[in-house]
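# Residue-level structure breakdown
Spelled out from the first residue to the last, the chains are:
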Protein chains: 4
Amino acid sequence: MVSDLFWPGDDRAGDHLTPAAFLEAIVDVEEAWLAVLGVEGATLVADIDALWGRELESGGNPVITVVAGLREALATGQPEAARWLHRGLTSQDVVDSALMTMARDAIADVVTEQRRLVRRLADLAREHRDTPMVARTLTQHAVPTTMGLKVATWLSGVLDAWDDLTRLTFPVQAGGAAGTQAAVVELGRDPAAARAGLATALGLADAVPWHTARRPVTRIADALVACTDAWGRIAADVLTLSRPEIGELAEGVGGGSSTMPHKANPVLSTLIRRAALTTPQLAATLHLAAAEQVAERADGAWHVEWDTLRLLLRRTLTAAGQAADLADELRVHPDRMAATLAGAREDVRAEQRAMAELAGREPAGDYLGAAGDLVDAVLTRARIQLEEST
Amino acid sequence: MVSDLFWPGDDRAGDHLTPAAFLEAIVDVEEAWLAVLGVEGATLVADIDALWGRELESGGNPVITVVAGLREALATGQPEAARWLHRGLTSQDVVDSALMTMARDAIADVVTEQRRLVRRLADLAREHRDTPMVARTLTQHAVPTTMGLKVATWLSGVLDAWDDLTRLTFPVQAGGAAGTQAAVVELGRDPAAARAGLATALGLADAVPWHTARRPVTRIADALVACTDAWGRIAADVLTLSRPEIGELAEGVGGGSSTMPHKANPVLSTLIRRAALTTPQLAATLHLAAAEQVAERADGAWHVEWDTLRLLLRRTLTAAGQAADLADELRVHPDRMAATLAGAREDVRAEQRAMAELAGREPAGDYLGAAGDLVDAVLTRARIQLEEST
Amino acid sequence: MVSDLFWPGDDRAGDHLTPAAFLEAIVDVEEAWLAVLGVEGATLVADIDALWGRELESGGNPVITVVAGLREALATGQPEAARWLHRGLTSQDVVDSALMTMARDAIADVVTEQRRLVRRLADLAREHRDTPMVARTLTQHAVPTTMGLKVATWLSGVLDAWDDLTRLTFPVQAGGAAGTQAAVVELGRDPAAARAGLATALGLADAVPWHTARRPVTRIADALVACTDAWGRIAADVLTLSRPEIGELAEGVGGGSSTMPHKANPVLSTLIRRAALTTPQLAATLHLAAAEQVAERADGAWHVEWDTLRLLLRRTLTAAGQAADLADELRVHPDRMAATLAGAREDVRAEQRAMAELAGREPAGDYLGAAGDLVDAVLTRARIQLEEST
Amino acid sequence: MVSDLFWPGDDRAGDHLTPAAFLEAIVDVEEAWLAVLGVEGATLVADIDALWGRELESGGNPVITVVAGLREALATGQPEAARWLHRGLTSQDVVDSALMTMARDAIADVVTEQRRLVRRLADLAREHRDTPMVARTLTQHAVPTTMGLKVATWLSGVLDAWDDLTRLTFPVQAGGAAGTQAAVVELGRDPAAARAGLATALGLADAVPWHTARRPVTRIADALVACTDAWGRIAADVLTLSRPEIGELAEGVGGGSSTMPHKANPVLSTLIRRAALTTPQLAATLHLAAAEQVAERADGAWHVEWDTLRLLLRRTLTAAGQAADLADELRVHPDRMAATLAGAREDVRAEQRAMAELAGREPAGDYLGAAGDLVDAVLTRARIQLEEST
């Protein structure tokens, strides 16, 4: 799969949420559950290639086919495991738990990139704390600001998004056919212990069954979109300020053109912006799916989640690396900033003159207000958040 | 405005986020800011009717027109207030702060309804903790469950949504033209004190300027959608189980028909479901607006927020009341539940027979597993959350 | 209602789809239907103010309350009309037919603005057919183009959107309680004639009942979004090219600032862009509502449509006028275009040099290719479309 | 790629819009363009595996890498082809034209399934033209209707969607770097002939460059969503009426459960419904991308399209086959319909009694109104549309 063709950069998401990873996560859940049931040491192997040609549609979800395949494989050498495999679970337990482990792992990588981005933005804000530039509102020159404050505003958004990522929990699902855990009780096991045991084995949080209460999924979605929002907002500034007529910022390595030899396109910003234009609608789909839950298992609204979450996680992870790279390699041109500001001097001091007149005194030498203090406040927040996250 | 015509039930949202409320909130911000600047006792009056015929479009936002109107009105009797009005602020400071006060107030009412709903669902779950009924997965009979566990699952979703509401903060906006607070500094005021003073006066949280870092807005959106998701999920069950062929639930007061005298329609559920189908896309719009922020004030992406937030808040508040009423008046028919279960007996015990055989023993008398314990766990959570919220 | 506060410019949509207009449209349908039933000359009057305090929620739609009010009002003076009012119809017949008449009228105004826009864009394309400027791809200078071709591309998009508007049909709804027209047959009327009669009276298209087949609604939505897409795309160019560092375009009348006296903001473009960021999600909501239709009347998915369609129509109509005004007043600065092009000369001729070398000849004097011919082709299309539409 | 794991049934979409298909379509465009330039007989081969490890991100789109690879491969054996490869085109020409050929082919398969579905629905409507059943509005029993009219309503929606599919055009893209066709003119070719030649070779429609006027893409999106809307609406009825308490419809082959041996789940309906919950937001994304076009190539909004269109086309094609299979195998139970109707007799005749009283006569024997005629009208439309499409 060269998914990069349709979504250049997608290979940054590596093996997260590939079909093979999903299969492996499913197998991990089944294996951990066997241990919960007391069947230790079973070795489950499922081959992604062996699913080729297997009929996955008729069950409506992949677990039915995979469990059948695993049982066949276990039948000869590990009959005890074959007998107990999946007993007490329902397909949704396995799919949900598998998705949660995959989401957790993908988000851990997002957080790693987020930390890299925060460090780099903090450096940039510190370095350019006092680099003056023109502020632009509604596309027009407004008043002076600093590159440091611009970056601090980017950083605020990134820290907000990071906050939400760190608050996420990834609950286990182990409710059985309809969330009552009846089968595991019938098998003579303690239901609370079974649930907790599976959670521990998979590194998930213990939780009462949430088959049709999907906030765990939509919280992930909301937090991921908050990330691409924050990065898209940075990309928008880079795309604007790297226009040749402005030239105050530039990507470190521009992208080439298939026909124009001179081009150096802001490719990372372009691709981040692309992601940010798609993730809100993916999250909306997951919210709709949450609202359309019904009875003890939804007739379609559950099935919506798997590929939507895959897209959301891979696109966010891809954009995470692109955003961190963008910040790493960003070139700032204080000379161009100064030149723009000088050219706009009369206009961007108009408000100041009005204020000074109102205050009954001469305009001060600069007009940067509390910019430096505001940068410092955000840097302090970043420092604390970085320390707490280690 | 009889907005009920297009959105029946909308009057439940009362005066929240009406044009008059927006105007009043704008005036409140300006008045509080005058006090921050040291102009005490000014009395600002803006008349919504006086805005009729006023040109609101050309400024792109309502503050420009309102400030001009206020200045005119103050000019004769309160010249000092006229002189200092709005000095040090920018339109976005006023709009954002006004929206935050309106959102805070509307969400306080959502929380009140949420508490009513939680209490009622807790009562229902307790009352029907052991009322058996059939669980339905993918529309078909699955295994037995209890009405108590069904309600507990509803309650879990509502508690999750409530959690997110209580975590919201409503930050003040007071950055001046480009977020540097330059004007307030030029006016000789302490910028941090000015910001904190405005926050205190308005009952908002102090915050560094967030003109183009919009997570405060999208967090509100995400939390509201989580509410309608949770209520929509309840409505879906009521709509399904109040079908005449099932008859296990019924709305307390059904809605009539314009032509069929016998009809008793599940109107509250219908209208809640309606809301839940629209809010995810409104939240997506706010996320897109967040991602499209650029420079120091966005050229359109900011303007998107006001009406979108209005719709989201009013629809959620309307649905909040409808959901609480739905739960209040819900009729449960244990006899019909028992009849369904009896009719499906062979099928819904199929899994149990398989499990009992596997365990090498006779099937137990019931097949409700840990249902009761799970209900109790959710009830404990509800009790704690209710206690903490008072 | 000063809805401009939340959506500046909204008053451009005038009385279209206001609550009073909805009420009037409902009354018109009922009046026309009385005539279909043979009750001529009835005078139905409904007062929007009289609905204040009336309970609209419990019926789930406004018709039930309105019909009850009309019957009361008719009871004394026009008993025959009171007796036959609404007989043979269901609420959805009235709401759907009323919405279709309102949509038709609003779209007629959109088309009027569209025609104004097409004329002005055609003039601009003709005037600047040969005005050279730099083309920009991925924000960077690419090769030369002309302002004429840029405008022609805008125009292509507008003509595409106009095409879709002209193909819309607005079907009557008159299926009775469940789409069988049973009541009208029971009343001894010819069902096909009744339907056709209502269609003719309301100026709608005759149609078999489409209570749960909602393509008529989603086609309107798709066509409206195509309009805001086309205008948003123009606004994006104006917002970019009117940046002070570029200065190749400018809005005729810029918007002011509440604090910065020098500002001239591209307000029309900003507000158009705002609309374009919201309409796709509104259309998505209408499509979801179409997909969620079920049985003979949907339990929520129908109710979603009314306010969503209202928002979509009013926002599109508002943006229509803004787009036409934007084009009317647009200022083009060929001198700035020439200066940019001169400054970028080496770069933007790089491709040409490569092509000339490949062709084994000297580079031609210009590098505008077929730009003029392409402008002419689009102008011809515009001329034909304008002629056909009159 | 076993994409079925995340989207069961996805293999129904076969090789449409796979990475390999995209690569092949790109190569086809380049090959056809070589012929347009007069380089006949070149054999271009690109190996999807060879792209593994190739860096696709830095160009922002796949064409840059693919063209480089093709040039290398041609360098030794076919130097003339290597020299002229891609000359006069830009990446967007190739990507857009390639997407249009892929969309056209995928939609041809959608139409094939649509025709199968229309035939089957027509048969069902004819067969059950007079099979009485209860109509349900807002979940409750309303009045009698027929299974024939229900199916005819489904069919109306499907015919509407089919109409839109047949109106689609798939334009070629060949504007060069910025849509002026300057390079092809510099190379001494006739630009109109070159464009038309490429269109003919690829089986696409000739068109002026539409690099930033994206209605061709959004029209495809709108038409595809109309399809899933129509099928989702059918699925909703099957899901409702195959509930065991209703039992009036059933899927031919139910899906199994991983733990409950008795289950026969309506899997096709579930999976169709799943698709219908996701496509509207994908189309919204494409509309947003259209609205965010700017200058001569958009900085992100173009890049959004590829994967979004891939998802939309594959999901629609998958659902197309599922919908046709669902109809093919649908089981109708007139006995259960009759029983429901008998049980609801008093209620569902309430309207009739009121009408008869109003008309001053005894209620007629049935209360099916024009149901039969309405079925016939839709069948006539289906027949004409089937005939015209062959």
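Just so it is clear, the model here is predicted, and its values are computed rather than measured.

### Considering the overall build of chain A
Counting its regular elements, chain A contains 14 helices and 4 strands. Along the longest, intermediate and shortest principal axes, the C-alpha atoms of chain A span 90 × 50 × 35 Å. By residue count, 69% of the 390 residues in chain A fall in the buried class. Put simply, of all contacts in chain A between residues at least 6 apart along the chain, 77% involve residues at least 24 apart. If you sum the accessible surface of chain A, you get close to 11,200 Å²; carbon and sulfur atoms cover 50% of it.

### Description of the interface of chain B and chain C
The partner chain C presents 61 residues to the 61 residues of chain B that form the contact. When chain B packs against chain C, the two sides together hide about 5,600 Å² of surface, and 65% of this comes from carbon and sulfur. When residues of chain B are sorted by the area they lose upon contact with chain C, Leu5, Phe6 and Glu57 of chain B head the list and together hold 16% of the total. Across the contact surface, chain B and chain C share 8 salt bridges. Residues Glu57 of chain B and Arg12 of chain C are paired through a salt bridge, measuring 2.6 Å at the closest nitrogen-oxygen approach. Joining chain B to chain C, the criterion identifies 16 residue pairs in polar contact (both at pLDDT 80 or more). Within the residue set of the side of chain B that touches chain C, elements represented by two or more residues are α1 (19–36), α2 (62–77), α4 (91–127), α9 (267–291) and α10 (304–329) of chain B.

### With respect to the environment of Ala50 of chain C
Residue and element names in this part refer to chain C. With respect to the helices and strands, Ala50 occurs in the loop between α1 (19–36) and α2 (62–77). Exposure remark for Ala50: the relative accessible area of 46% places this residue in the partly exposed category. In sequence terms Ala50 and Gly69 are 19 residues apart; their C-alpha atoms lie 8.8 Å from each other.

### Thoughts on the packing of aromatic side chains
Applying the stated criterion to the full structure yields 8 aromatic pairs over all chains. Centre to centre, the rings of Trp302 of chain D and Trp306 of chain D are 4.9 Å apart; their planes meet at 80°, and the pair counts as edge-to-face. Given a relative accessible area of 0%, Trp306 of chain D falls into the buried group. Taking NZ or CZ as reference, Arg274 of chain B lies 3.8 Å from the ring centre of Trp7 of chain B, over its face. Over the ring of Trp7 of chain D we find Arg315 of chain D; its NZ or CZ atom is 4.0 Å from the centre of that ring.

### Notes on the relation of the copies chain A and chain B
Turning chain A through 180° and shifting it by 0.0 Å along the axis lays it on chain B, with an RMSD of 0.0 Å. The two molecules are tied by a two-fold rotation axis, judged by turn and shift. Take the interface residues of chain A: 100% of them recur as interface residues in chain B, which is what a same-surface contact looks like.

### Some words on the interface of chain A and chain B
Accessible area lost upon the coming together of the parts serves often as the stated size of an interface. Opposite the 90 residues of chain A that make contact, chain B presents 90 residues. Across the chain A/chain B interface, buried area totals approximately 6,900 Å², and carbon plus sulfur atoms make up 60% of it. When the area that chain A buries against chain B is broken down by residue, the three leading residues are Thr180, Glu186 and Leu358 of chain A, summing to 11%. Residues Lys150 of chain A and Glu296 of chain B are paired through a salt bridge, measuring 3.0 Å at the closest nitrogen-oxygen approach. Applying the counting criterion to the chain A and chain B interface returns 38 residue pairs in polar contact (both at pLDDT 80 or more).

### Topic: the pairing of strand β1 (residues 132–137) of chain B
For a regular strand, side chains alternate in direction, first toward one face of the sheet and then toward the other. All names here are of chain B. Where burial is concerned, most of β1 is hidden: 5 out of the 6 residues are buried. Pairing of β1 with strand β2 (residues 140–146) involves 5 bridges; the strand directions are antiparallel. Pairing of Pro132 across the sheet is with Thr146, part of β2. Linking β1 back to β2 in an antiparallel pair, the connection comprises 2 residues, with Leu138 at a positive phi of about 50°.

### Some words on the relation of the copies chain B and chain C
When chain B is fitted to chain C, the residual RMSD is 0.0 Å, and the transformation amounts to a turn of 180° plus an axial shift of 0.0 Å. By residue overlap, the copies meet face to face through one surface: 100% of the interface positions of chain B are interface positions in chain C.

### Quick look at the pattern of salt bridges
Applying the stated criterion across every chain yields a total of 124 salt bridges over all chains. Ionic pairing is found between Glu292 of chain D and Arg273 of chain A, a salt bridge with its closest N-O pair at 2.6 Å. Separated into two different chains, Glu292 of chain D in the loop between α9 (267–291) and α10 (305–329) and Arg273 of chain A in helix α9 (residues 267–291) make up a pair that spans both. Given a relative accessible area of 5%, Glu292 of chain D falls into the buried group.

### Comments concerning the packing of helix α9 (residues 267–291) of chain C against helix α8 (residues 215–241) of chain D
In contact at an axis separation of 7 Å, α9 of chain C and α8 of chain D are set at 30° when each is read in the N-to-C sense. In terms of orientation, α9 of chain C lies roughly parallel with respect to α8 of chain D. Of the residues in α8 of chain D, those in contact with His287, Ala290 and Ala291 of chain C of α9 of chain C are Asp222, Val225, Ala226, Asp229, Gly232 and Arg233 of chain D. Here the contact of α9 of chain C with α8 of chain D is built from residues that sort into 4 nonpolar, 2 polar and 3 charged.

### Points about α9 of chain D
Residue and element names in this part refer to chain D. Taking 1.5 Å per residue as the helical rise, α9 with its 25 residues ought to reach 36 Å, and the 37 Å between its terminal C-alpha atoms agrees with that figure. Considering bend angle alone, the principal kink of α9 is centred on Thr278 and spans about 25°; proline Pro280 follows within four residues of it. Here α9 lies mainly inside the structure; 25 of its 25 residues are buried.

### Concerning the confidence of the model for chain A
Looking at chain A, pLDDT values average 95 and 99% of them are 70 or higher. Both scores are given for the predicted complex: the pTM is 0.98, the ipTM 0.97.

### Side note on the side chain of Asp325 of chain C
Position of Asp325 of chain C relative to the elements: it lies in helix α10 (residues 305–329). Take Asp325 of chain C: its relative accessible area is 17%, and that puts it in the buried class.

### Quick notes on the domain arrangement of chain A
Residues and elements named next belong to chain A. If you check the domain split of chain A, you get domain 1 (1–89) and domain 2 (90–171 + 210–389). Taking only C-alpha atoms, the centre of domain 1 and the centre of domain 2 are 36 Å apart. Taken together, the contact pairs 26 residues of domain 1 with 29 residues of domain 2. Each partner contributes to the roughly 2,300 Å² buried at the junction of domain 1 and domain 2, and carbon and sulfur atoms together form 67% of this total. Sorting the residues of domain 1 by area buried against domain 2 places Trp7, Arg12 and Leu17 first, and these three jointly supply 37% of that buried surface. At the surface where domain 1 touches domain 2, the tally comes to 2 salt bridges. Close ionic contact of Asp10 with Arg314 constitutes a salt bridge, the shortest N to O distance being 2.9 Å.

### Details of the side chain of Thr145 of chain B
Along the chain, Thr145 of chain B falls in strand β2. Aside from chain neighbours lying at most four places away, what touches Thr145 of chain B is Thr180 and Glu296 of chain A together with Thr131, Pro132, Met133, Val134, Ala135 and Leu368 of chain B.

### Concerning the environment of Arg214 of chain C
Residue and element names in this part refer to chain C. Mapped onto the secondary structure, Arg214 falls in the loop between α7 (191–202) and α8 (215–241). With 91 residues separating them in the primary sequence, Arg214 and Glu305 have C-alpha atoms 10.0 Å apart. When sequence neighbours within four positions are dropped, the list of residues in contact with Arg214 reads Gln92, Asp96, Gln173, Ala290, Gln293, Trp302 and Glu305. A polar contact is formed between the side chain of Arg214 and the side chain of Asp96, at a distance of 2.9 Å.

### Here we look at unusual backbone geometry
The backbone phi angle of His86 of chain B is positive, close to 70°, even though this residue is not glycine. Within the element layout of this structure, His86 of chain B appears in the loop between α3 (79–84) and α4.

### Here's the deal with a negative patch on the surface
A surface patch of negative charge is lined by Asp15, Glu24, Asp28 and Glu31 of chain D. Along the chain, Asp28 of chain D turns up in helix α1 (residues 19–36).

Thresholds, definitions, all that
Residues numbered from 1 in each chain as written. Chains lettered and ligands numbered in written order. Predicted model: local features only at pLDDT ≥ 70, side-chain atom pairs only at ≥ 80, totals over all residues. Heavy atoms only, no water. Helix = DSSP H or I, 4+ residues; strand = E, 2+ residues; numbered from the N terminus. Buried < 20%, exposed > 50% of the residue type's maximum accessible area, 1.4 Å probe, protein only. Contact = heavy atoms within 4.5 Å. Areas by Shrake-Rupley, 256 points an atom, 1.4 Å probe, with all protein chains shown as cover. Buried area = accessible area lost by both parts, 1.4 Å probe. Salt bridge = Lys/Arg side-chain N within 4 Å of Asp/Glu carboxyl O. Polar contact = N/O pair within 3.5 Å; in protein donor to acceptor, adjacent residues only side chain to side chain. Phe/Tyr/Trp six-rings, centres within 6.5 Å; stacked < 30°, edge-to-face > 60°. Lys NZ or Arg CZ within 6 Å of the ring centre and 35° of its normal. Least-squares fit on C-alpha atoms with pLDDT ≥ 70 in both. Pairing = 2+ DSSP bridges. Axes fitted to C-alpha atoms, helices over the stretch in contact; angles between N-to-C directions. Parallel < 35°, antiparallel > 145°, perpendicular 65-115°, else oblique. Nonpolar A, V, L, I, M, F, W, Y, C, P; charged D, E, K, R; others polar. Expected span 1.5 Å × (residues − 1). Bend = angle between axes of the 7 residues up to and from the residue. pLDDT = per-residue confidence, 0-100. Domains from an automatic or database assignment. Patch = residues over 30% accessible without salt bridge, like charges linked within 9 Å, V, L, I, M, F, W, Y side chains within 5 Å. Lys, Arg positive; Asp, Glu negative; His and termini not counted. Charge placed at Lys NZ, Arg CZ, Asp CG, Glu CD.

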